[in-house]
Amino acid sequence: MTPFRYILILTLIVAFFGNIVIAAEKNSAMPPPNLAEYPASSSPVDFKKEIWPLLQKYCHQCHGPEKQKGGLRLDRKESALSGGDSGASIIPGESGASRIIHLMVGVEDEIMPPKGERVKKEEISLLRGWIDQGANWPDEFRGGEQKKNDHWSFRAPVKPQVPEVQGNSWVSNPIDAFVLARLEREQIQPSPAAEKSTLLRRLSLDLTGLPPSQKEIETYLGDHSAEAYERLVDRLLASPHFGEQWARHWLDLARYADSDGYEKDFDRPHAWRWRDWVIDSINEDQPFDQFTQEQIAGDLLPEANLEQKVATGFHRNSLLNREGGVDIEEDRTKIVVDRVSTVGTVWLGLTVGCAECHSHKYDPISQKEFYQLYAYFNGTDDRDIKAPLKKERQQILNKEDELTMAKKKYATSTPEFEEWAKSVAGLEQIWHIPAQEDYELPTFGANNGANLYPQEDGSFLVTGMVENKTHYIMMLNTRLHGITGIRVEAMTDEMLPKLGPGWAANGNFLLNELHVESAPLKALNELKTNRISSVSADYSQHGFAITNAIDGDFENGGWAIDMPHLPMHGVDRAAVFILEEAIDHPEGTRLKVNLVQHRGESHTLGRVRVSYTTAEPSRLKKQAVPGRIRAIAEKAAADRTLDEQVELKRYWQATFQPDAKELVEISKALAESPGIK
């Protein structure tokens with residue numbers, strides 16, 4: 001770049017910021033206009049002679065029959081009084097509250113009209129007087145009817161009249177009459193009927209996408225009756241391959257795929273379940289209105305069954321970015337926009353994407369309407385469910401019955417167990433679980449391709465590249481004063497192998513190190529290490545004690561929770577880290593907790609929750625208990641559900657009696673029960 005260009009760019013920058021300063025000075029020196037300077041006319045105002053010409057002169061160019069910026073139209077009575085995207089602009093009897101006056105005067109940030117001649121003071125007084133006098137709008141100025149869009153998707157289907165033709169003997173159904181009418185108009189003779197073998201091949205390929213089988217060839221060619229063709233059609237329509245062939249078109253519209261897209265393109269191992277629902281729906285000749293309702297909102301139907309919930313998998317076909325460092329909320333927003341656009345394309349026959357950014361005078365949907373539909377999908381919460389096929393469900397129900405019996409047998413209580421539960425319930429309530437908005441998003445996250453998705457209970461579910469070595473980086477802005485300890489909960493989840501709490505095939509994880517840094521809230525680049533003096537856990541695997549997680553060695557050792565006698569884990573675990581010195585900054589603290597996992601091979605935490613306390617360190621030694629276990633223990637034995645009682649007792653035995661025979665048996669039963677919920 002030449003010196004001249006450097007000088008030019010510098011000059012432009014200085015001029016730009018200079019203008020900002022000058023504008024700021026002018027704005028600060030000029031108070032906003034006072035409506036009292038524009039008093040309403042006290043004389044009767046004539047709409048025809050005084051108001052209509054003003055609207056034509058200043059408003060109709062942007063808010064008339066050709067354009068309706070902001071959704072506002074001021075050439076029609078009903079439209080003008082109902083307002084635009086920002087609400088009512090004309091409030092009869094209240095000119096001081098009418099937005100049209102505010103915009104013309106300049107009370108708000110913008111002024112109307114934005115270009116050209118400004119509305120004169122006396123004209124604003126007339127408009128105010130007209131509004132205060134009731135905004136009378138004579139019927140002769142009602143304006144034309146709202147222009148109806150002639151888009152094909154808005155036209156009601158009309159059954160056409162079957163044309164009359166000369167060669168009636170060639171016509172075997174009404175569709176033939178339309179074909180023959182065109183042929184006769186073009187003076188073309190119909191082609192002779194194809195041979196039966198040719199018809200069979202064409203029809204089979206058209207309806208099933210497959211060539212006819214040898215058996216079908218023999219059946220059709222051997223049928224010399226007048227109904228042979230109709231019977232062939234019926235057989236092909238009844239074929240399961242009919243749904244496979246014709247579902248392809250719907251799968252394309254619904255952007256179906258077996259992977260996420262984007263650079264990593266992770267597999268979606270269960271996407272086929274919705275695909276098969278589509279195939280079955282077509283084979284069962286499901287009515288289109290039902291087909292529509294179940295895909296858009298099947299889970300909201302009264303007493304929705306499993307298949308209706310599976311149908312809403314239509315919305316899960318969006319691209320999904322599970323790469324490391326992705327802004328989760330940004331990606332979620334993209335998915336919601338995609339769902340709106342797809343529904344518009346598939347069911348409305350409209351490309352609604354333009355309205356995401358602005359209303360367009362040629363489009364039949366406004367930006368406001370786009371975000372009204374967006375709001376519907378923005379309230380959804382994606383959840384994975386177990387959805388076995390119909391033929392598997394009875395077998396699963398039998399397994400569920402067996403599991404229920406095993407749970408009832410296992411859930412028996414003992415005085416020793418209840419005494420322990422009482423001691424857990426009596427623990428002090430000292431832990432602060434941050435709200436999601438307290439975390440720095442998207443700064444909060446993980447590296448090496450893992451993503452952490454916020455859950456309602458303050459925990460994070462990890463997905464993405466979980467097989468890699470990774471760090472979970474928890475960046476928290478907090479007003480807590482005197483933080484003395486940190487609790488890490490490794491939590492179970494249905495998404496995890498053997499229910500977790502880790503991503504390893506057996507549900508284990510390996511936390512190599514926990515590293516803490518902090519700084520005053522506004523000192524973003526002054527993070528300093530906070531030493532950990534001691535640590536305790538409710539359970540540690542032999543050779544992988546919790547103390548390994550604070551020895552400063554990021555590569556070797558660490559905390560793990562394997563239990564040698566259990567075929568699965570599926571038990572929440574907790575560890576408490578006590579700081580050498582309390583963290584306390586008067587204006588608040590920026591806190592960084594780094595969970596280092598260097599093992600790889602999927603030995604990463606699957607669901608994790610970090611909480612904080614300001615209690616005296618001496619009160620923390622017995623606090624290494626998962627929050628969900630404590631919540632169950634607080635209930636009286638008679639008030640616990642069967643599942644809660646099993647979870648509580650199983651935690652107790654897995655922690656203090658890992659060799660108990662009944663623990664091994666119930667764990668095996670839980671592992672072998674797939675469930676249908």
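Residues numbered from 1 in each chain as written. Predicted model: local features only at pLDDT ≥ 70, side-chain atom pairs only at ≥ 80, totals over all residues. Heavy atoms only, no water.

Undergrad: Describe the overall build of the protein, with residues and values.
TA: In terms of regular secondary structure, the protein is built from 21 helices and 11 strands. In terms of overall dimensions, the protein is more spread out than a globule: its C-alpha atoms have a radius of gyration of 35 Å, far above the 26 Å expected for 677 residues. With respect to the principal axes defined by its C-alpha atoms, the protein has extents near 95 × 90 × 70 Å. Among the 677 residues that make up the protein, the fraction classed as buried is 43%. With the model as given, the accessible surface of the protein reaches about 37,700 Å², and the carbon-plus-sulfur share is 54%. With 78 positive and 101 negative side-chain charges, the protein shows a spacing of 1 Å between the two charge centroids. (Helix = DSSP H or I, 4+ residues; strand = E, 2+ residues; numbered from the N terminus. Rg over C-alpha atoms; globule rule 2.2 N^0.38 Å. Buried < 20%, exposed > 50% of the residue type's maximum accessible area, 1.4 Å probe, protein only. Areas by Shrake-Rupley, 256 points an atom, 1.4 Å probe, with all protein chains shown as cover. Lys, Arg positive; Asp, Glu negative; His and termini not counted. Charge placed at Lys NZ, Arg CZ, Asp CG, Glu CD.)

Undergrad: For unusual backbone geometry, give the residues involved together with the corresponding values.
TA: Cis peptide bonds are those with omega within 30 degrees of zero, and the linkage from Met112 to Pro113 qualifies with -10°. Mapped onto the elements of the fold, Pro113 is located in the loop between helix H5 (99-105) and helix H6 (121-132). A cis amide bond, omega 15°, links Gly500 with the succeeding residue Pro501. Summarising the element assignment, Pro501 is placed in the loop between strand E5 (483-490) and strand E6 (513-520).

Undergrad: Explain helix H7 (residues 174-185) to me, using residue names and the numbers behind them.
TA: Taking 1.5 Å per residue as the helical rise, H7 with its 12 residues ought to reach 16 Å, and the 17 Å between its terminal C-alpha atoms agrees with that figure. N-cap assignment for H7: the residue whose side-chain oxygen lies 3.0 Å from the backbone N of Ile175 is Asn173. In the stretch just after H7, Gln187 is the one whose phi turns positive, near 60°. (Expected span 1.5 Å × (residues − 1). Polar contact = N/O pair within 3.5 Å; in protein donor to acceptor, adjacent residues only side chain to side chain.)

Undergrad: Tell me about the environment of Asp551, and name the residues and values.
TA: Position of Asp551 among the secondary structure elements: in the loop between strand E8 (532-537) and strand E9 (573-583). By relative accessible area, Asp551 is classed as partly exposed at 44%. Once the C-alpha coordinates of Asp551 and Ile532 are considered, the two residues, 19 residues apart in sequence, prove to be 9.5 Å apart. Here the side chain of Asp551 touches Asp553 through a polar contact of 2.9 Å, landing on its backbone nitrogen.

Undergrad: Describe the packing of helix H11 (residues 240-253) against helix H12 (residues 272-283), and please don't skip the residues or the numbers.
TA: Between H11 and H12, whose axes approach to 8 Å, the crossing angle comes to 120°. Judged by the angle between their axes, H11 and H12 are oblique. Between H11 and H12 lies a crossing of right-handed hand. Residue-level contacts link Pro240, Phe242, Gly243, Glu244, Trp246, Ala247, Trp250 and Leu251 of H11 to Trp274, Arg275, Val278, Ile279, Ile282 and Asn283 of H12. A breakdown of the residues in the contact of H11 with H12 according to their chemical character gives 10 nonpolar, 2 polar and 2 charged. (Axes fitted to C-alpha atoms, helices over the stretch in contact; angles between N-to-C directions. Parallel < 35°, antiparallel > 145°, perpendicular 65-115°, else oblique. Left-handed = near helix turned anticlockwise from the far one by under 90°. Contact = heavy atoms within 4.5 Å. Nonpolar A, V, L, I, M, F, W, Y, C, P; charged D, E, K, R; others polar.)

Undergrad: Residues and numbers for the packing of aromatic side chains, please.
TA: The full count for this structure, using the stated rule, is 22 aromatic pairs. Seen in terms of ring centroids, Phe47 and Trp52 are 6.0 Å apart; in terms of plane orientation they differ by 45°. Their pairing is tilted. Since its relative accessible area comes to 3%, Phe47 is described here as buried. A relative accessible area of 14% means that Trp52 is categorised as buried. With a centroid separation of 6.2 Å and an interplanar angle of 75°, the aromatic rings of Trp52 and Trp137 are classed as edge-to-face. Remark: Trp137 occurs in the loop between H6 and H7 and Trp52 occurs in helix H2 (residues 47-58); sequence separation between them is 85 residues. Taken as a pair, Trp52 and Trp137 share a single burial class, namely buried. Chaining the aromatic ring pairs together yields one cluster made of Trp250, Tyr256, Trp274, Trp277, Phe288, Phe291, Phe314 and Trp347. One residue, Lys121, lies across the ring of Tyr38, its end atom 5.6 Å from the ring centre. The residue whose ring lies beneath Lys649 is Tyr410, and the NZ or CZ to ring-centre distance is 4.9 Å. (Phe/Tyr/Trp six-rings, centres within 6.5 Å; stacked < 30°, edge-to-face > 60°. Lys NZ or Arg CZ within 6 Å of the ring centre and 35° of its normal.)

Undergrad: So what about the packing of helix H20 (residues 642-656) against helix H21 (residues 661-672)? Which residues, and what values?
TA: For the pair H20 and H21, interaxial distance at closest approach is 10 Å and the crossing angle is 130°. In terms of orientation, H20 and H21 fall into the oblique class. Where H20 crosses over H21, the handedness of that crossing is left-handed. Residues Val646, Lys649, Arg650, Gln653 and Ala654 of H20 pack against Glu662, Leu663, Ile666, Ser667 and Leu670 of H21.

Undergrad: How would you sum up the pattern of salt bridges? Please name residues and give values.
TA: The final tally for this structure, using the stated rule, is 32 salt bridges. A salt bridge links Glu216 to Arg235; the nearest nitrogen and oxygen atoms lie 2.7 Å apart. Residue Glu216 is found in helix H9 (residues 214-221), and its partner Arg235 is found in helix H10 (residues 228-238); the two are separated by 19 residues along the sequence. Overall, the relative accessible area of 13% leaves Glu216 in the buried class. According to the relative accessible area criterion, Arg235 is partly exposed, its value standing at 28%. We note a salt bridge from Lys649 to Glu662, for which the minimum N-O separation is 3.5 Å. In this pair, Lys649 is assigned in helix H20 and Glu662 in helix H21, connecting sequence segments 13 residues apart. Since its relative accessible area comes to 2%, Lys649 is described here as buried. (Salt bridge = Lys/Arg side-chain N within 4 Å of Asp/Glu carboxyl O.)

Undergrad: Could you give an account of a nonpolar patch on the surface, naming the residues involved and the relevant values?
TA: A contiguous nonpolar surface patch, about 290 Å² in accessible area, is contributed by Trp170, Ile175 and Val179. The exposed category is assigned to Ile175, whose relative accessible area is 61%. (Patch = residues over 30% accessible without salt bridge, like charges linked within 9 Å, V, L, I, M, F, W, Y side chains within 5 Å.)

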